[in-house]
Structures are given as structure tokens and as C-alpha cells.
Amino acid sequence: MAEDSDLEKTEQPTQRRLDQSREEGQAARSRELSTFSVVFAGGAGLWLMGSGLISHLTKLLRDGLTLDSTLAFNADLLLPRLYTLSLEILVAFLPFLLSLLVIAAISPILLSGWIFSWKPLQPKFSKLNPIAGIGRMFSINSLVELGKAIAKSLVVGGIGAWAVWYNKDSVMMMAAEPLIAAVPHLGYLLWMSFVAIMGGMFLIASVDVPFQLYEHNKKLKMTKEEVRKEAKESEGDPQVKGRIRNMQHEMARRRMMSNIPTADVVVTNPTHYAVALSYSEKKMGAPVVVAKGSHLLAARIREIAIENNVPILEAPPLARALHKHTELGQAIPEALYNAVAEVLAYVYQLRRYRQGSGAMPDAPHDLPVPPQLDPASDEEGSI
């Protein structure tokens, strides 16, 4: 059951999947929205430019039906005359045609924005498979498109039939009207019918747009396995990343352990924590932590210190404070300068004793560690 659920496309598409679909030229598109936009733009253009177009057409009709004697008896002049009139008609309708062209180009990108891709133009021989073509003809999507076409025809046709039936008396009365009154009356009836039909087309587009968005999102849905696979590809395999982190931690620990033989002193808890310090008056402004650890790692730090004759000092408050408030390669906090100075003074005295030039020093006790820096102190929470 779990395997079946992993194969079902129940997950929303990821951003990467959406980006890939756009790169391939796949986006939600509504033919009904494009049709409505172009027809509406055509009607609006005729409404705004109608008077100008009528004036141009009236002039062109008058000029076309007016022939002087030169044109009547010289056939060679008729073709240039026709060319001139055709060019004038094109110029008169050019703004209207350009507006329709712009709307036809913009309307498809209203849903998903501008997409430019060559992939849809690449030939796909799978589309030439007749069996697959027949399958597409009888698919659920084809049935839905057929239902939409029938519904659109019924809505638009029904509105058109209603407009004709509702205005049948006015249409019949126009036969008795003078021409000068009948033409505006006819224009009014046509405009009212156009508005009614546009209302029906708007209704169809308002239903088709959400449907196309839903269908596009449904096609891009992913299975749980696809989501997991994409996460691995984009972020890396968690197991591989875990192994890399472990390797990095191991390399960092090896580098840390290699610094212990050069340390000046190792301060211990004595068993829970161990911190190795190094100080060079010429190279460092303050002592630096070169290694630190707790429990098993602390025990290993002490072993390496013993093997390399690095002094070990038991100072629990200082060890706890250094372990919590410092990082590898970082200088100690200023508040611990006095305590660490006493430790280094002890180390230098011990070093001279081992070289045979001084007495055995006493290990320092009650080092001046501020209580707020000691994790075991009750005053830690007061900072």
C-alpha cells in the first residue's frame, strides 16, 4: 500500500518542476480567454474608430464610383487606380488591425506570463504515431474539449437567438423607416446583440480559466518518490552529505590532535574536559586554544599530552570556562587572562625545573575564574 501511494501523483509541483515546464514551453493557456479578448478588442476598436472608418469608407466608395473620361477609355489606368484605392483602404484599417494583432499576441500570456522556448518547435516523431493519435482523440481531455465546444455553441448560439427573437419587431419595423434613421437603428441593435454575446463569452472564459489552471497544475503534480528524488538531486543525498560531514569532522579532529604536542599546557577538569593552550609572545596577543574536548576526547587529549611531555594542570573551573566560551584557534576571553597567566607562569617555572635550573613549582590553586564564566556556578545565569 505504501508503494502504491508513493506512485500516485498527490504532491504539488515543486518550483523546480514549474521552472522546467516553463523551459519546455508548457504553461496554462485558455483559448476562450484569447477568443474573448480578441473579439472584445474588435468591438471596442469599432466603437472607438467606427466614425473614422465610416468616413474613410464613404470617401473611398465615392472615389471608387467616380470615373472621369480618361479612366473610362484607358484600361491601362484602371489597375493603378485599383492599387491606390486598395492602399487607402489598408491605411484606413491599419490602426484597427494593429490593435487586434497586439491583443492576439498579449492574450495568450495573461495566465502564465511571457515564455520563450524552442522546445515546442522541435519535431516529435511520437506525435506521428496513429495509435497514439487515436488514443488522444478518445481521451478524457478530448471529451472535455468536446463538451466545452458544445457548451460554448449553446451559450453563444442561445444568446444570439435570444437577441434576434427579442428584437424581431424592431428589425421588421426598420423596413418602413427612412434610410437615414434605419442605419443608426441597425447599428444600435447590432451593438446590443454584440454586448449580450460578449457577456456569454465572458462567462465561458471565466469558467475555462480556472479549469485550465487546475488541469495544468494536475499534469505537473508529482509522486512522493519524484519529490524525494528531486530533493536528493538539488540538495544532495542525505547519506552522502552525512558521510562528508563525518569526514570533515574527522579531519578537523586529526588536525586538532596534531596541535597538542606543540601546546604549552593542557588544563583538565580532570576527567570531563580537557583544553590545550598555546602562547607565543611574538606571534600572539593572547593564549590560543589549539585543542579541546569532553569525556572520551578529553581522555585522548590527555594521553597525547602525556606521550609528548606536555604539562597537564587540573583546574576544573578554568577548564569548564575555557571549554564553553572558546573555539578552536580562538584567543581566550579577556576575563580569563589573569587565571591563564598564573597557569603559564607555573608552566614556565616547571619547564625551568625540568631543565635543572630552578625549584619544583607548586601547582596554582583557586585561580581567578569569574563565576559567570563557569558553567557549574550558580551565578552563570545572572549574566
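A. Structural view of unusual backbone geometry. Of note in the backbone geometry, His295 takes a positive phi value of approximately 55° without being a glycine. Secondary-structure assignment places His295 in the loop between strand S5 (288-294) and helix H12 (296-307). Of note, the phi angle at Asn309 is positive, near 60°, even though the residue is not glycine. Mapped onto the elements of the fold, Asn309 is located in the loop between H12 and strand S6 (312-314). Among the residues examined, Asn309 registers a relative accessible area of 60% and is labelled exposed.

B. Representation of the sheet that holds strand S4 (residues 273-278). Within the open sheet, the 4 strands sit side by side as S5-S4-S3-S6. Their pairing is mixed. Each edge of the open sheet is held by one strand with a lone partner, namely S5 and S6. The mean angle between the axes of side-by-side strands here comes to 20°, regardless of whether they run parallel or antiparallel. Across 6 bridges, the pairing between S4 and S5 is antiparallel. Paired with Ala274 across the two strands is Gly293, which belongs to S5. Contacting strand S3 (265-268), S4, S5 and S6, helix H13 (residues 316-325) runs over the sheet at an angle of about 80° to S4.

C. Examining the nonpolar core more closely. Leu277, Leu318, Leu336 and Val343 are the most contacted members of the largest nonpolar core, which totals 23 residues. Of all the elements in the fold, those that place two or more residues in this core are S3, S4, H13 and helix H14 (337-354). At 7 residues, H14 tops the list of elements feeding residues into this core. Filtering out sequence-adjacent residues up to four positions away, Val343 remains in contact with Val265, Val267, Leu313, Leu318 and Leu367. Counting 14 residues, the second largest nonpolar core, distinct from the first, contains Met256, Met257, Ile260 and Val290.

D. Structural detail: the pairing of S3. Residue alternation in S3 divides its side chains into two sets, Val265 and Val267 and Val266 and Thr268, and both sets are buried. Bridging between S3 and S4 involves 4 bridges; their strand directions are antiparallel. When the bridges of S4 are listed, Val266 appears paired with Ala276. What sits between S3 and S4 in their antiparallel hairpin is a turn of 4 residues. Here S3 pairs with S6 via 3 bridges, running parallel. Residue Val266 lies in a different strand from S6, and its bridge partner there is Ile312.

E. Geometry of the pattern of salt bridges. On inspection of all chains with the given rule, the structure shows 6 salt bridges. Measuring nitrogen to oxygen at the nearest pair gives 3.3 Å for the salt bridge that ties Arg351 to Asp264. Of this pair, Arg351 sits in helix H14 while Asp264 sits in the loop between helix H11 (238-259) and S3, placing them 87 residues apart in sequence. For Arg351, a relative accessible area of 37% corresponds to the partly exposed category. Overlapping salt bridges bring together Glu250, Arg253 and Arg254 as one network.

Scoring rules and cut-offs
- Residues numbered from 1 in each chain as written.
- Predicted model: local features only at pLDDT ≥ 70, side-chain atom pairs only at ≥ 80, totals over all residues.
- Heavy atoms only, no water.
- Helix = DSSP H or I, 4+ residues; strand = E, 2+ residues; numbered from the N terminus.
- Buried < 20%, exposed > 50% of the residue type's maximum accessible area, 1.4 Å probe, protein only.
- Pairing = 2+ DSSP bridges.
- Axes fitted to C-alpha atoms, helices over the stretch in contact; angles between N-to-C directions.
- Contact = heavy atoms within 4.5 Å.
- Core = buried A, V, L, I, M, F, W, Y, C linked by side-chain atoms within 4.5 Å.
- Salt bridge = Lys/Arg side-chain N within 4 Å of Asp/Glu carboxyl O.

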